[in-house]
Amino acid sequence: MPHPHPFHPPQPTILPTHPSLYTMTPSPSTPDPPATTNATPRLLNMNFIKLFKVFLMSLVLVIGLVTLTFMDIENTLYQGPLEFFKTRFRTFDDSSEDLIRVPEVDMNGLTTTNDSLPHGINCKCRQVDRRASQYTKSQLDMPLNWLNLSIKDDLSRHHPNIPADLYYKASQNKACNLLPSIFSIEWWNVHWQETNLDSESKLLLYSAFYDPNIGGEPCVRVLGVSKSRDPRRLWCHIWYSHNDPPLVTKISDIVHLDYQSKNSNRQMPYLLTCPLPPDNLQLPVAVSLLGTPCTSATNLLKVIGAKERNLSAYVSGKAPKDPHSTRTGWVPAVCGPALYYYSNDFSWRLVEWLELLRAQGFGQVFLYDTGVHPNVSKVLHHYREEGFIEVTDYNYPPPYVNEPSIRRLWTLSERQRMFAQENVYFTDCLLRHMHQYRFIFHLDPDEMPLLINHTSFPEFLDSTLSSYKKWYPGYKLQWNMFYDDLEPRGESAMLPKYLWMLRHSRRPTVNLKPSSGKYKALYDMDTARGVFSHGTLMCTTGWCSHQSMAIIPFTKAYIGHFSKTCGKNCESESSTKEVLLLQRYRLQVSAAVKKVLLKLQLL
């Protein structure tokens, strides 16, 4: 019999071999048979198991969230998911401000109100006992007998960013759970703190400063480095105490502090600005940067500064009625470099340099220590105890070498990376001490101002500022070389060898041709905010180049650079001349240098 369709042959009927594996199909007239006794319990059992599993998972999740809520969560690995659930799966988009513009939104951990715009996020925090609080106070109180200081006081004096006073207070009382502990900070190379971001946007932070920002709104400046060409605009947690929630703002400005073009093969210096409310009355004590507000950060930097400049800035010891327009009566200070004289005993020259600066009327000198010769350490300790200098520790950020014995090799071989790092500690020095002095000179230990018509630098500064009708962010003094191979003559040759600058009083007859990189600047810290070795990079008004500074003519003053060799260019008698401008300080300086060297047993 032919198939009804060529492609669909009739299927044979296959009966199961066991009666329990099939059910007879009833005819339409036959009523449904009763259900089998095993099917319904089995189905119910399976549904119950599924529901029970869901219940167990929900119970575990609830227990976990409750546990996290009542714990002091320091690790963002847990804090992040907790905030995620708290905010009902709403996240903050770094590119949008929409969330902070929603009035009266309560999201358990966050509150935003129109009254606090543009700094519109208020965190809530729980009061918790700090980790290891029972040990913190006793350890910070522990005396360092050889320094006659406690650990807390020593940290406050030399470490660039640990908020020792804040941690000390937090150890005696409960503190906000959002305050990072010293153990939750991501430390790198002793002094650098990391932001907890992806590797491409990672920032390493060194220091933070309160900036009254004359003529603008106050802010906190944060100094750091990154290999990113375009770092993310993070959130700022600004702390006023250990137990109150932080003020939350978003970074308003990021400035690349370098005259060199951006290069992701090196750590690039950045200055980041955290805005403060105009009516900000309190002085911040610490700041953290983080990707999501009201979560735990992996950094906490001490905020350095003051609302008013110290009286040390004024010759009279009293602040004038309008200090920002006053052109006379200022005490200048000096920011020096990060010293790396580990294998070179530079102690004689360092003592003479400091005593010459003192004789010229500079109020203080600020230096950085990256690991120096033992004799140089003696000198630094002596002048620090005396109060004439302040020394801040500095290590280069990873991945740079920090072995002191080969640091000089690194600075000679990795010039572009080293120049970028110079901008960090030069800028740090100015911002760290701008509340102490308004006018700060950047000088190296082989450089000294030579004043033509004045015997002291404050007198020269009075005359210079009064001669201009406008204010400048800085004032350039050009170099003239006092070469090492120009042998002393006359009275200079009779001086002891530990008076290097006073002995080397000869220089080329012709002034050095002015050019960029052959001058040093005196900065006005009412205006300058970011610098490199020879000039300004950033001002309170924004980016400003070294060309915005005033140039001091050679007829008024210049910088004597006591370095290098002249060779055949200085062989003829007419090619050099004797300059005795520093000899006016000879009696004072020679006596002071000898006294210090004898006291430190360096003679």
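Each remark here, short or long, concerns the structure printed above.
Residues numbered from 1 in each chain as written. Predicted model: local features only at pLDDT ≥ 70, side-chain atom pairs only at ≥ 80, totals over all residues. Heavy atoms only, no water.

Undergrad: Outline the overall build of the chain, supporting the account with residue identities and numerical values.
TA: Counting its regular elements, the chain contains 13 helices and 31 strands. Looking at the 603 residues of the chain, the share that counts as buried comes to 52%. Within the structure as shown, the chain displays about 29500 Å² of accessible surface, and the carbon and sulfur contribution to it stands at 57%. (Helix = DSSP H or I, 4+ residues; strand = E, 2+ residues; numbered from the N terminus. Buried < 20%, exposed > 50% of the residue type's maximum accessible area, 1.4 Å probe, protein only. Areas by Shrake-Rupley, 256 points an atom, 1.4 Å probe, with all protein chains shown as cover.)

Undergrad: Could you give an account of the state of the cysteines, with specific residues and numbers?
TA: Under the definition given, this model contains five disulfides. Residue pairing for cysteine 236: its cysteine sulfur links by disulfide to cysteine 274, the two sulfurs lying 2.1 Å apart. In this structure, the disulfide formed by cysteine 236 and cysteine 274 twists by about -80° around the S-S bond and is classed as left-handed. Remark: cysteine 274 occurs in strand 15 (residues 268–275) and cysteine 236 occurs in strand 12 (residues 235–239); sequence separation between them is 38 residues. Of the two residues, cysteine 236 and cysteine 274, neither departs from the other in class, the shared state being buried. Between cysteine 335 and cysteine 429 runs a disulfide, and the two sulfur atoms are separated by 2.0 Å. Handedness of the cysteine 335-cysteine 429 disulfide follows from its S-S torsion of about -95°: it is left-handed. In this pair, cysteine 335 is assigned in strand 18 (residues 333–339) and cysteine 429 in helix 9 (residues 415–433), connecting sequence segments 94 residues apart. Considered together, cysteine 335 and cysteine 429 belong to a single accessibility category, that of buried residues. Sequence-ordered numbering of the bonded cysteines in the chain gives a pairing of 1-4, 2-3, 5-6, 7-8, 9-10. For the unlinked cysteine cysteine 219, the closest cysteine sulfur is that of cysteine 274, found at 8.4 Å. (Disulfide = S-S within 2.5 Å.)

Undergrad: Account for the environment of lysine 378, with residues named and values stated.
TA: Looking at where lysine 378 falls in the secondary structure, it is placed in helix 7 (residues 374–386). A residue is classified by how much of its surface remains accessible, and lysine 378, at 36% relative accessible area, is partly exposed. With sequence-adjacent residues up to four places away left out, lysine 378 is seen in contact with Leu600 and Leu602. (Contact = heavy atoms within 4.5 Å.)

Undergrad: I'd like a rundown of empty space enclosed by the protein, residues and numbers included.
TA: One way to see where empty space is left: roll a probe the size of a water molecule over the atoms. One pass over the full model with this rule turns up one cavity of 30 Å³ or more. Here the largest cavity defines a volume of roughly 60 Å³. Lining the largest cavity, in full, are Leu450, Phe482, Met501, Leu502, His504, Ser505, Phe562, Val579, Leu580, Leu581, Leu582 and Gln583. A per-class count over the lining of the largest cavity returns nine nonpolar, three polar and no charged. (1 Å grid on protein atoms, 1.4 Å probe; cavity = no way out; pocket = protein on both sides within 12 Å on 5 of 7 lines; lining within 4 Å. Points joined across faces, edges and corners; volume = space filled by probe spheres on them. Nonpolar A, V, L, I, M, F, W, Y, C, P; charged D, E, K, R; others polar.)

Undergrad: Could you give an account of the layout of surface pockets, naming the residues involved and the relevant values?
TA: For the largest pocket, the calculated volume is near 1100 Å³. Along the wall of the largest pocket there are 47 residues; nearest its centre are Tyr340, Arg408, Arg415, Glu422 and Asp444. Of all the elements in the fold, those that place two or more residues in the lining of the largest pocket are strand 18, helix 8 (404–413), helix 9, strand 25 (519–524) and strand 27 (535–539). Ranked by the residues each element gives to the lining of the largest pocket, the list is headed by helix 9, at seven residues. Considering only residue class, the lining of the largest pocket consists of 22 nonpolar, 15 polar and 10 charged.

Undergrad: An account of the packing of helix 8 against helix 9 is needed here, citing residue identities and associated values.
TA: At a minimum axis distance of 5 Å, the contact between helix 8 and helix 9 shows a crossing angle of 105°. Taken together, the axes of helix 8 and helix 9 lie roughly perpendicular to each other. Each of Trp410, Thr411, Leu412 and Ser413 in helix 8 lies in contact with helix 9, whose residues at this interface are Arg415, Arg417, Met418 and Gln421. Class assignment for the residues of the contact of helix 8 with helix 9 results in three nonpolar, three polar and two charged. (Axes fitted to C-alpha atoms, helices over the stretch in contact; angles between N-to-C directions. Parallel < 35°, antiparallel > 145°, perpendicular 65-115°, else oblique.)

Undergrad: Tell me about the packing of aromatic side chains, and please be specific about residues and values.
TA: The tally for this structure, following the rule as stated, stands at 25 aromatic pairs. Relative to phenylalanine 457, the ring of phenylalanine 362 lies with its centre 4.7 Å away and its plane at 35°, an arrangement referred to as tilted. In this pair, phenylalanine 362 sits in the loop between helix 6 (347–360) and strand 19 (365–369) while phenylalanine 457 sits in helix 10 (residues 457–466), placing the two residues 95 residues apart along the sequence. For the pair phenylalanine 362 and phenylalanine 457, a shared accessibility class is recorded, and that class is buried. Judged by centre distance (5.0 Å) and plane angle (45°), the rings of tyrosine 400 and tryptophan 410 are tilted. Placement of tyrosine 400 in the loop between strand 20 (389–393) and helix 8 and of tryptophan 410 in helix 8 is noted, with a sequence separation of 10 residues between them. In this structure, tyrosine 400 and tryptophan 410 share a single accessibility class: buried. (Phe/Tyr/Trp six-rings, centres within 6.5 Å; stacked < 30°, edge-to-face > 60°.)

Undergrad: I'd like a rundown of helix 10, residues and numbers included.
TA: Among the residues of helix 10, those classed as buried are Phe457, Pro458, Phe460, Leu461, Thr464 and Leu465. One side of helix 10 carries all its buried residues, which in axial view fall inside an arc of 155°. For helix 10, the N-terminal cap is serine 456; the gap from its side-chain oxygen to the backbone nitrogen of glutamate 459 is 3.3 Å. (Arc of directions from axis to C-beta. Polar contact = N/O pair within 3.5 Å; in protein donor to acceptor, adjacent residues only side chain to side chain.)

Undergrad: Before we move on, can you summarise the sheet that holds strand 27 with the specific residues and values?
TA: With antiparallel pairing, three strands are arranged side by side in an open sheet as 26-27-28. With one partner strand each, in any of the chains shown, strand 26 (528–532) and strand 28 (542–543) form the two edges of the open sheet. With four bridges joining them, strand 26 and strand 27 adopt antiparallel strand pairing. The residue bridging alanine 528 from the neighbouring strand is cysteine 539, located in strand 27. Against the sheet, helix 9 makes contact with strand 26 and strand 27, and its axis sits at roughly 150° relative to strand 26, the strand it touches most. (Pairing = 2+ DSSP bridges.)

Undergrad: An account of the nonpolar core is needed here, citing residue identities and associated values.
TA: Of all hydrophobic cores here, the largest spans 68 residues; its most connected members are Trp353, Leu354, Val365, Leu380, Ile389, Phe441 and Leu582. When residues in this core are grouped by element, the largest group, seven residues, is from helix 6. Beyond its immediate stretch of four places on either side in the chain, phenylalanine 441 contacts Ala333, Val334, Cys335, Phe362, Pro449, Phe457, Leu477, Lys520, Ala521, Leu522 and Ile559. In this structure, Phe366, Tyr396, Tyr425 and Met538 belong to the second largest nonpolar core, which totals 40 residues. (Core = buried A, V, L, I, M, F, W, Y, C linked by side-chain atoms within 4.5 Å.)

Undergrad: Could you give an account of a nonpolar patch on the surface, with specific residues and numbers?
TA: On the surface, a nonpolar cluster with roughly 460 Å² of combined accessible area is contributed by Phe52, Phe55, Leu56, Leu59 and Ile63. On the secondary structure map, leucine 59 appears in helix 1 (residues 39–69). A relative accessible area of 37% places leucine 59 in the partly exposed class. (Patch = residues over 30% accessible without salt bridge, like charges linked within 9 Å, V, L, I, M, F, W, Y side chains within 5 Å. Salt bridge = Lys/Arg side-chain N within 4 Å of Asp/Glu carboxyl O.)

Undergrad: Could you give an account of the packing of helix 6 against helix 13 (residues 586–599), with specific residues and numbers?
TA: Pairs of packed helices are described in terms of their axes, by the angle between the two and the distance that separates them. In contact at an axis separation of 9 Å, helix 6 and helix 13 are set at 140° when each is read in the N-to-C sense. In terms of orientation, helix 6 lies oblique with respect to helix 13. When you trace helix 6 past helix 13, the crossing you get is right-handed. Mapping the contact onto sequence places Trp348, Val351, Glu352, Glu355, Leu356 and Ala359 in helix 6 and Gln588, Val589, Ala592, Val593, Val596 and Leu597 in helix 13. Partitioning the contact of helix 6 with helix 13 into residue classes produces nine nonpolar, one polar and two charged. (Left-handed = near helix turned anticlockwise from the far one by under 90°.)

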